[in-house]
Amino acid sequence: MMVWHKKAMWFLVALLGTVAMAGIALHRGESINALWLVTAAACIYAIAYRFYAAWIAAKVLTIDTTRATPAERLDNGRDFMPTNKWVVFGHHFAAIAGPGPLVGPTLAAQFGYLPGTLWILIGAVLGGAVQDMVTLFFSMRRNGRSLGQMARDEIGAIGGTAALIGTFMIMIILIAVLGLVVVNAMKHSPWATSTVAATIPIAMLVGVYMRNLRPGRVLEASTLGLVLLLLSVLAGGWVDHHEGLRVLFDHDGLPLAYVVIAYGFAAAVLPVWLLLAPRDYLSTFVKLGTVFLLAIAILLLRPEIHMPALTQFVDGTGPIFGGKLFPFVFITIACGAISGFHALISSGTTPKLLANERDIRMIGYGGMLLESFVAMMAMIAATVLEPGVYFAINSPPGIVGKEAVDAIAKINSWGFAVTAEQMQQLANDMGEKSLFARIGGAPSLAVGMASIFGTAFGKSMLAVWYHFAIMFEAIFILTTLDAGTRVGRFMLQDLLGNFNKKLGETSYTPSVIITSAIVVASWGYFLYIGVIDPNGGVNILWPLFGIANQMLAAIALSVATGILVKSGKLKFAWVTGLPLAWLVIITTTAAFQKIFSEDVRIGFFAAANDLSAKLASGALPADKASVAQQLIFNQHLDAYLTLFFVVVLWVVVLDMLRVCMHSHVGRPVLKLSETPHEPSQLAENWVRD
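Quick look at the structure, then. (Residues numbered from 1 in each chain as written. Predicted model: local features only at pLDDT ≥ 70, side-chain atom pairs only at ≥ 80, totals over all residues. Heavy atoms only, no water.)

Once that is clear, we can look at the pattern of salt bridges. For the structure shown, the criterion picks out 11 salt bridges. A salt bridge links arginine 67 to glutamate 674, with the nearest nitrogen and oxygen atoms 3.6 Å apart. In this pair, arginine 67 sits in the loop between helix H2 (34-60) and helix H3 (70-73) while glutamate 674 sits in the loop between helix H28 (628-665) and helix H29 (684-688), placing the two residues 607 residues apart along the sequence. For glutamate 674, a relative accessible area of 32% corresponds to the partly exposed category. A salt bridge links glutamate 674 to arginine 141, with the nearest nitrogen and oxygen atoms 3.1 Å apart. Here the residue glutamate 674 occupies a position in the loop between H28 and H29, and arginine 141 occupies one in the loop between helix H6 (113-140) and helix H7 (147-154), the gap between them amounting to 533 residues. What makes arginine 141 buried here is its relative accessible area of 7%. A cluster of three or more residues bridged by salt bridges with shared partners is formed by Arg67, Arg141, Glu357 and Glu674. (Salt bridge = Lys/Arg side-chain N within 4 Å of Asp/Glu carboxyl O. Helix = DSSP H or I, 4+ residues; strand = E, 2+ residues; numbered from the N terminus. Buried < 20%, exposed > 50% of the residue type's maximum accessible area, 1.4 Å probe, protein only.)

Next comes the structure, spelled out in structure tokens:
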């Protein structure tokens, strides 16, 4: 009888999800309720996890719960260590959940709510979650090897070397964009800057508390950290209204960028227990708590989506970034649907901690579904804003004009009503001087979140809610920034170790300092590019970020597809092969347009040539002319980087296809590097509790 009850329940879930998706896709009225988006997401995620992920785990990967994992076999109490599955889930989610699922959907909302929403749902269940789970599985079966190592072992020297170099270069771009988002959120906002600054000593205090002051008192440390984080938001308001302190935290973008660069260096060289680990730990509570609180508020309020399903900017004339709906909605959404950065985590620390292969589905597939849910919350928070307000916050001065009156006139000409008085009142409510041209996605997302929280839990605290949302976003960003910098340092040390063994030792202090400085200087330069750009850097760096991120995902899926074919599972290769093919299409198309398009808002070379012509004719204003040569160089650099990433991707893909073809016809290929089976000796009750 219970079997029929379960079947009936899942049938109803599937039916509800189908109705919700149909409602989203076919609705063409004045507005649609956000509850449809939440319902569709919940049903699709449940169905995908229960059936598709379970089928992949059982049939494609053939999970073996009796097999000893690397955490058990190589347990050294430091890198490899059997860990409770919920602790691993918290660590994994904290590491993968950066600004992408927050900022990407917010920026993509310029196309309307429909394209981004559909890709967040479809891309996550068929692409992103699959990539995370299979990469985690294959890494665990290979002693927790990194993505680059697996590429060398399974595909060969050519594809493996290309993957290793490409992965490191892509990492640099990813971290730079993280820094740009947080800088734009803090620029000329003493409240936001002081709150974000306070999170650093709070994390360090928690680290010292758990290691030296009260070892083992995790609950005490957690409570202390969370209380201090909440107090930092309130204290930020006090700082903002204190004339003497306010000036200490009121800065332009460039000084803030230097501070973020210095923080990245410190996070890479300081002991992991002092800053990185406690920040990850605290951020997990804040991230999950805020996302679920936002979901509850949406369920209570059932707010209307004010952004149209499709805007006129699907033709590529959007003010936030140039480019048509295809392929740039997929590039812009990025992490909310599929993220190559996750593959670095799924083949990094996580496979060294899992005590049982049974948990791969929950950590890999489930973790990505949770990140996709974050992206859905971000899409809702951005699109419940009036479109005129959304574009006033996110449109750069170079597009709409520096003065408020010019921006208002331009946005109204697009058919989106907004007034200067409306924007000033909104800024006052949020505790800010102005919300015009607060580009980068984070401020508009914070306004949307604050509006939802304020309506649900008290409008008198709108300013507090806004700066709490900024702190929430900054924790997302800085957690990934410092973890990414440390991972980049490890990758560079591995590379330099081929030339000097001492430089390859991760604990060798001179190597730590030298490699950290190189990594931070590399992404710091691209952060500098974004900050000095008069258009805010988003138009230059976010498409490059999206292309690089999706190419990294394609590299991970190439490795997974090659391993499946070599393992005699050609009939299942479509599981990774289909999302791989789609990523290759969209990333190659986007890269081609960014390199060769004659539209100055899309093509890197076109923008550089246009700027050169204006500089030569004296048509540039003084502030833009002073940085014009730097911007021209940067546009050329971005173009060549994009070309390099395309070459790396196709080298890996073609080498993978060569290996698959040879394996299929029986020609010799590299042997599978999977470690032999060893039965697990862990006590089941100890591992599972």
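Sizing a probe to match a water molecule and rolling it over the atoms shows the empty space that remains. Applying the stated criterion across every chain yields a total of 8 cavities of 30 Å³ or more. In terms of lining, the largest cavity is formed by 15 residues, of which the most central are Leu178, Cys335, Phe341, Thr480 and Phe545. Broken down by secondary-structure element, the contributors of at least two residues to the lining of the largest cavity are helix H8 (157-186), helix H15 (340-346) and helix H24 (538-566). (1 Å grid on protein atoms, 1.4 Å probe; cavity = no way out; pocket = protein on both sides within 12 Å on 5 of 7 lines; lining within 4 Å. Points joined across faces, edges and corners; volume = space filled by probe spheres on them.)

Under the criterion given, the structure shown has 23 aromatic pairs. Both rings, one in tryptophan 119 and one in phenylalanine 330, keep their centres 5.0 Å apart while their planes meet at 90°; by these two values the pair is edge-to-face. Of the two residues, tryptophan 119 is situated in helix H6 and phenylalanine 330 in helix H14 (residues 325-333); the sequence distance between them amounts to 211 residues. Classification of phenylalanine 330 by relative accessible area gives buried; the value is 14%. When the ring centre of phenylalanine 51 is taken as reference, the NZ or CZ atom of arginine 50 above it lies at 4.8 Å. The side chain of arginine 361 reaches across the aromatic face of tyrosine 49, ending 4.3 Å from its centre. (Phe/Tyr/Trp six-rings, centres within 6.5 Å; stacked < 30°, edge-to-face > 60°. Lys NZ or Arg CZ within 6 Å of the ring centre and 35° of its normal.)

Next up on the list: the environment of serine 673. Relative to the helices and strands, serine 673 is located in the loop between H28 and H29. Along the primary structure serine 673 and phenylalanine 572 are separated by 101 residues, whereas in three dimensions their C-alpha atoms are 20 Å apart. Within the structure, serine 673 has its side chain in polar contact with the side chain of glutamate 154 (distance 2.5 Å). (Polar contact = N/O pair within 3.5 Å; in protein donor to acceptor, adjacent residues only side chain to side chain.)

In contact at an axis separation of 10 Å, helix H4 (residues 85-96) and helix H16 (residues 360-383) are set at 45° when each is read in the N-to-C sense. As judged from the angle between their axes, H4 and H16 are oblique. Pair H4 / H16 crosses with right-handed handedness. Judged by residue contacts, Lys85, Trp86, Val88, Phe89, His92, Phe93 and Ile96 of H4 engage Met362, Ile363, Gly366, Gly367, Leu370, Glu371 and Val374 from H16. The class makeup of the residues in the contact of H4 with H16 is 9 nonpolar, 3 polar and 2 charged. (Axes fitted to C-alpha atoms, helices over the stretch in contact; angles between N-to-C directions. Parallel < 35°, antiparallel > 145°, perpendicular 65-115°, else oblique. Left-handed = near helix turned anticlockwise from the far one by under 90°. Contact = heavy atoms within 4.5 Å. Nonpolar A, V, L, I, M, F, W, Y, C, P; charged D, E, K, R; others polar.)

Structural measurements only, silent on function.
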